[in-house]
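The residues making up each chain are set out below.
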Amino acid sequence: MSHKRTLVAIFAHPDDEAFGTGGTLTKYAQQGVEVHLVTATLGEAGQIANPAVAPTRPLSLIREQELRRACEKFGVTQLHLLGYVDGQTAMVPPAEAVLKLVRLLRRLKPQVVISFGPDGIYGHFDHLVIHRWASAAVELAANPERWPEAGPAHPVAKFYHRAISQTQLTAMSGANGRAAVDMGGVPFPFVGQPEEKITTRIDVRAQAQTKLAGLKCHISQLSPDALYLQPDFDPSATDWFRQETFILAQCNGVARPAQKEDDLFAGVA
Ligand SMILES: [Zn+2]
């Protein structure tokens, strides 16, 4: 008999979950899937992009509150904060962070895990670190010889990388003219993955308004001229917004689909 379906998303900063997976998290939550979000830092190294947000409290508190509001919108069952410092995840002993994630995966027993791929979407150092932590945790959670005290081994059936497709990137760049993130004066361009590498496309048209509402919760990170904040922006009519794309990086006990999928749980018992 199949047991309850669980999805775990593992990201670095508040808002990492919103743009590329907000619709997907919402969609599965609506279907009764238990949805967990792991956020490694509180984004305290970022800037306040919106002058309307007064910095009356430490940025970490502002971002945490925004993240919690976004989680409510998306229907996230539980938010797990790892408590690391924004921009400094590379200084964390990897075994410490990976053990935390292994413990969590063995306790929650998700069939599906989502995290960054090796492109880190735009190569943010924390994204690359989280990619490595999540990949190691998925592998080690399934190995009964590793950290047996952290709970019984759990093989994750499907491990996905969040990805931007080249088509999506071209459309986004045309729409808002921003194809790179500025980090300390250095542009980090978004990485678009070729269509043939995209294995999974989730249609979130029905969740597009909720996704937008969740995105707007991260108001301190949104510049007032952000495209989503313009009154004429129609989220459910915009292809690059109403579709979320993934690369199936690893399967465990599930046949690798021969064709492109439209469901992260496809083939999961
Ligand atoms: Zn991030």
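Numbering of residues begins from 1 in every chain and follows the order in which that chain's sequence is written. Predicted model: local features are reported for residues with pLDDT of at least 70 only, side-chain atom pairs are reported and counted for 80 or more only, and whole-chain, interface and lining totals are derived from all residues.

**Q** If you had to explain unusual backbone geometry to someone new, which residues and values would you point to?
**A** The backbone phi angle of D15 is positive, close to 95°, even though this residue is not glycine. Relative to the assigned elements, D15 resides in the loop between β1 (6-11) and α1 (16-30). We note that I121 has phi near 65°; this positive angle belongs to a residue other than glycine. One can find I121 in helix α4 (residues 120-123). Each residue is classed by its C-beta neighbour count within 10 Å, where at least 20 other C-beta atoms makes it buried, 12 or fewer makes it exposed, and intermediate counts make it partly exposed; the C-beta atoms are placed from backbone geometry. Residue I121 is classed as buried on the basis of its C-beta count, with 23 C-beta atoms lying within 10 Å. Helix numbering and strand numbering both begin at the N terminus, where a helix is a DSSP run of H or I of at least 4 residues and a strand a DSSP run of E of at least 2.

**Q** Now, about the environment of F241: what can you tell me, with residues and values included?
**A** By the element assignment, F241 lies in helix α8 (residues 239-242). Any two residues are considered in contact once their C-beta atoms, placed from the backbone, lie within 7 Å. Excluding anything up to four places from it in sequence, F241 contacts A208 and P235.

**Q** Explain the pairing of strand β10 (residues 243-251) residue by residue, including any values.
**A** Pairing geometry for strand β5 (residues 158-165) and β10, over six bridges, is antiparallel. By the bridge assignment, H161 is partnered in β10 with I247. In short, DSSP must find at least two bridges between two strands for them to pair. Of the strand pairs in this sheet, strand β9 (residues 200-203) and β10 are connected by four bridges, and their pairing is antiparallel. Looking across to β10, one finds that I202 is bridged to E244.

**Q** Describe in detail the nonpolar core, supporting the description with residues and values.
**A** Joining buried Ala, Val, Leu, Ile, Met, Phe, Trp, Tyr and Cys residues through C-beta atoms within 7 Å gives a set, and that set is a nonpolar core. Core analysis: the largest hydrophobic core is formed by 60 residues, its most contacted members being A9, I10, L101, V113, I130 and A137. No other element matches helix α5 (residues 125-141), which puts eight residues into this core.

**Q** Tell me about α5, and please be specific about residues and values.
**A** In a regular helix each residue adds 1.5 Å, so 17 residues correspond to 24 Å; α5 covers 24 Å between its end C-alpha atoms and thus fits that length. Counting buried positions over the 17 residues of α5 gives twelve, a clear majority of the element. Turning to α5, its buried residues are D126, H127, V129, I130, H131, W133, A134, S135, A137, V138, L140 and A141. Here a helix's expected span is defined as the number of its residues, less one, multiplied by 1.5 Å.

**Q** Residue-level account of the environment of V85, with values.
**A** Assignment of secondary structure puts V85 in the loop between β3 (78-84) and α3 (94-108). Put simply, V85 and S60 are 25 residues apart on the chain and 9.4 Å apart in space, counted from C-alpha to C-alpha.

**Q** I'd love a proper account of the pairing of β1, names of residues and values included.
**A** In terms of residue burial, β1 counts as a mostly covered element, since five of its six residues are buried. The sheet contact formed by β1 and strand β2 (residues 34-41) spans six bridges and is parallel. Each residue of the ladder has a partner; that of F11, found in β2, is T39. Since β1 and β2 lie parallel, the crossover through α1 that links them has a hand, and here it is right-handed. Bridge analysis of β1 against strand β4 (residues 112-116) gives three bridges, and the strand direction is parallel. For crossovers, right-handed means that the path from the first strand over the helix to the second runs clockwise, given strands pointing away from the viewer.

**Q** Describe the packing of α3 against α5, listing the residues and the values that go with them.
**A** Here α3 crosses α5 at 55°, and the two axes come no closer than 8 Å. Our classification of the angle between α3 and α5 gives oblique. Between α3 and α5 lies a crossing whose hand is right-handed. Taking contact as the criterion, the partners of P94, A97, V98, L101, V102, L105 and R106 in α3 are, on α5, W133, A134, A136, A137, L140 and A141. Residue composition of the contact of α3 with α5, by class: twelve nonpolar, no polar and one charged. Throughout, an axis means a line fitted to C-alpha atoms (over the contacting stretch in the case of helices), and angles, computed between N-to-C directions, take values from 0 to 180 degrees. Angles are sorted into four bins: roughly parallel if under 35 degrees, roughly antiparallel if over 145, roughly perpendicular if 65 to 115, and oblique for all others. Crossing handedness: left-handed means the near helix sits turned counterclockwise from the far one by under a right angle, and right-handed means the same turn made clockwise. Nonpolar residues are Ala, Val, Leu, Ile, Met, Phe, Trp, Tyr, Cys and Pro. Charged residues are Asp, Glu, Lys and Arg, and all others, Gly as well, are polar.

**Q** Please provide a residue-by-residue account of the packing of α1 against helix α7 (residues 208-217), values included.
**A** At a closest axis distance of 9 Å, the pairing of α1 and α7 adopts a crossing angle of 130°. The angle between the axes of α1 and α7 places the two elements in the oblique class. Crossing of α1 against α7: the hand is right-handed. Note on element contacts: α7 touches α1 through A208, T210, K211, G214 and L215, opposite A18, F19, G22, G23 and T26. Each residue belonging to the contact of α1 with α7 can be placed in one class, and the counts come to four nonpolar, five polar and one charged.

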